[in-house]
Amino acid sequence: MLKFNLPEKTEKSITADILAALLTLSLITVYYYGFRAVLIIFITLLTFIISDASCMKIRKKPYAAADLGASVIAGLTLALMMSAAVPYNIAVISALFASVIGRQAFGGQRHEIFNPAAVGFLFAALCFSDAMLSYPKPFDKPELASVIPLEMLSPSINRALVASSSPLITFMDVLIGKLPAPMGTAYLLLLAVCALVLICRRSVSAVGFFTQLGIVTVFSYIYFDYNMLAVFNMLSGSMFVFGLLFLSCVKKKTSRASSSWFILGVLTSIAFLTLEFYSKTENAIIFAVIIATPFGVDLDRHSFAEVLKKGSSGIIYKVRSRFNKQLVNVNETLALLDERGTEEQREEKGN
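Here is what the cut-offs are and how they apply
Along every chain, residues carry numbers that run from 1 in the direction the sequence is written. Local features are withheld for residues below a pLDDT of 70 in this predicted model, meaning they are given only at 70 or higher, and side-chain atom pairs are given and counted only at 80 or more; totals for whole chains, interfaces and linings count all residues. Here the side-chain values reflect all heavy atoms present in the structure, with hydrogen atoms and water set aside. By convention in these notes, a salt bridge is any Lys or Arg side-chain nitrogen within 4 Å of a carboxyl oxygen on Asp or Glu. The numbering of helices and of strands both runs from the N terminus, where a helix is a DSSP run of H or I of at least 4 residues and a strand a run of E of at least 2. We call a residue buried when its accessible area falls under 20% of the maximum for its residue type, exposed when it is over 50%, and partly exposed in between, using a 1.4 Å probe and counting protein chains only. Between N-to-C directions, angles cover 0 to 180 degrees, with each direction set by a line fitted to C-alpha atoms, over the stretch in contact for helices. Throughout, the term roughly parallel applies to angles under 35 degrees, roughly antiparallel to angles over 145, roughly perpendicular to angles from 65 to 115, and oblique to all others. Throughout, a crossing is termed right-handed when the near helix is turned clockwise from the far one, and left-handed when it is turned anticlockwise from it by less than a right angle. Whether two residues touch is decided by their heavy atoms; if any such pair falls within 4.5 Å, the residues are in contact. All amino acids are sorted into three groups, where Ala, Val, Leu, Ile, Met, Phe, Trp, Tyr, Cys and Pro are nonpolar, Asp, Glu, Lys and Arg are charged, and the leftover types, Gly among them, are polar. Any pair of N or O atoms that falls within 3.5 Å is considered a polar contact. Within protein, one atom must be able to donate a hydrogen and the other to accept it, and sequence-neighbouring residues count only if both atoms are side-chain atoms. Patch rule: a residue counts if its relative accessible area is over 30% and it has no salt bridge; like charges are joined within 9 Å, and nonpolar side chains (Val, Leu, Ile, Met, Phe, Trp, Tyr) within 5 Å. In short, Shrake-Rupley with a 1.4 Å probe defines the accessible areas, and a residue's cover is counted only from the protein chains shown. In this scheme, a helix's expected span is set at 1.5 Å multiplied by one less than its residue total.

Brief notes about the pattern of salt bridges
This model, assessed by the stated rule, comprises 3 salt bridges. Across the salt bridge formed by R201 and D17, the nearest N and O atoms sit 2.8 Å from each other. With R201 in the loop between α9 (188-200) and α10 (206-223) and D17 in helix α1 (residues 11-33), the pair connects residues that are 184 residues apart, well separated along the chain. What makes R201 partly exposed here is its relative accessible area of 41%. When the shortest N-O distance is used, the salt bridge between R103 and E112 registers 3.2 Å. What you see here is one network of salt bridges that share partners, running through D52, R103 and E112.

Pasting the structure below:
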């Protein structure tokens, strides 16, 4: 079998890859929404960096280059999830909450349980829903005043889509993100290119990404009566693909096994579909990622294939006894995925 000796994927290289993708999305966001987008990105990013650095100083910990990189990525991610019309003070509040509560309260970078950008966005969306979930149309170039009247804004296209089940945006507009949505998350074609690059560079989990994308796409296709345009409307307007790339599937230096990525992807997909289509929750991927994260932490410690092998009593034993043949097949598949992931990690370390 032909083998490729790939260089070790370090935390620094993963940070550089994610940062390059976020900066690319930031450039197109500024093109779509003008100088107001620049201000929102700058305010959110600066607030996050200052807050992280201040908290580290209070804790008497060094604020190293790796910490700065993590602050920049979290700040950019949070900024791109916001409306281009969000008041500047809300941008500051959400960045402060993301930094202090989402990251520093758990011990700083590498110790946080939840993605801090998701925490900051969720807090602001719950507290200031009108301001966070109302959007200007692309190329309208919203005025620079901190507060823009709500009558000049629109709800997201995803909210209207889930309510009516009818696609509202043409295929081309969906691809380029020309629709009311969070300012950096709707460019489906550009996000597809970013996904391809990040997966090929092993900064994003291919198993996690395609598991979630596949489950959600198939379910949505059936839900929308086999209307693929409606599916593309949902993928573009719901922040879903952006959430997969920058919240759900980003790898760490010591990444979880492939089977764990698969199980986490299934859990996140179920949470997303429940919230998106049955609870009608706006930007459901944020909630889904936060709900699934604790399971991901546990999957980091235990291989799912090993869990199926163990247990002589309790619910796992009963389920295994009832569906032994099916579970054997599942276990063999997951074990192969685990072995492949472990083998890849050994090869990387050997290089």
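Resuming the write-up.
Describing the packing of α1 against helix α3 (residues 65-80)
At their nearest, the axes of α1 and α3 sit 10 Å apart, and the two run at 30° to each other. One way to sum up the angle between α1 and α3 is to call them roughly parallel. Like other packed secondary-structure pairs, α1 and α3 cross with a definite hand, here left-handed. Of the residues in α3, those in contact with E11, T15, I18, L19, L22, L23, L25, S26 and T29 of α1 are A66, G69, V72, I73, L76, T77 and L80. Counted by class, the contact of α1 with α3 contains 10 nonpolar, 5 polar and 1 charged residues.

Re the environment of T281
Looking at the element boundaries, T281 is found in the loop between α13 (258-278) and α14 (284-301). A sequence separation of 122 residues divides T281 from R159, and the C-alpha atoms of the two residues are 8.4 Å apart. With sequence-adjacent residues up to four places away left out, T281 is seen in contact with L275, E276 and F287.

What about the side chain of E282?
Here E282 shows up in the loop between α13 and α14. Engagement of the side chain of E282 in a polar contact is seen with the side chain of S156, the distance being 2.4 Å. Setting aside residues no more than four positions away along its own chain, E282 makes contact with L133, Y135, S156, R159 and F287.

A closer look at unusual backbone geometry
A positive phi angle, near 60°, is found at Y226, a position not held by glycine. Within the secondary structure, Y226 is located in the loop between α10 and α11 (228-237). Positive phi is not limited to glycine here, since M239 has a value of about 70°. Checked against the element boundaries, M239 lands in the loop between α11 and α12 (240-248).

Quick look at a nonpolar patch on the surface
On the surface, V218, Y221, I222, Y226 and M228 cluster together to form a nonpolar patch covering roughly 480 Å² of accessible area. The greatest single-element share of the nonpolar patch, amounting to 3 residues, is contributed by α10. Positionally, Y221 belongs in helix α10.

Focus: helix α5 (residues 116-127)
The end-to-end C-alpha separation of α5 is 17 Å, in line with the 16 Å expected for 12 residues at 1.5 Å each. The buried fraction of α5 amounts to 9 of the 12 residues, a majority that puts the element mostly inside the structure. Within α5, burial applies to P116, A117, A118, V119, G120, F121, L122, A124 and A125. Near the N-terminus of α5, the side chain that reaches the backbone nitrogen of A117, with its oxygen 2.9 Å away, is that of N115.

Some points on α12
Within α12, 9 of the 9 residues are buried, which leaves the element mostly enclosed by the surrounding structure. If you check which residues of α12 are buried, you get F240, V241, F242, G243, L244, L245, F246, L247 and S248.

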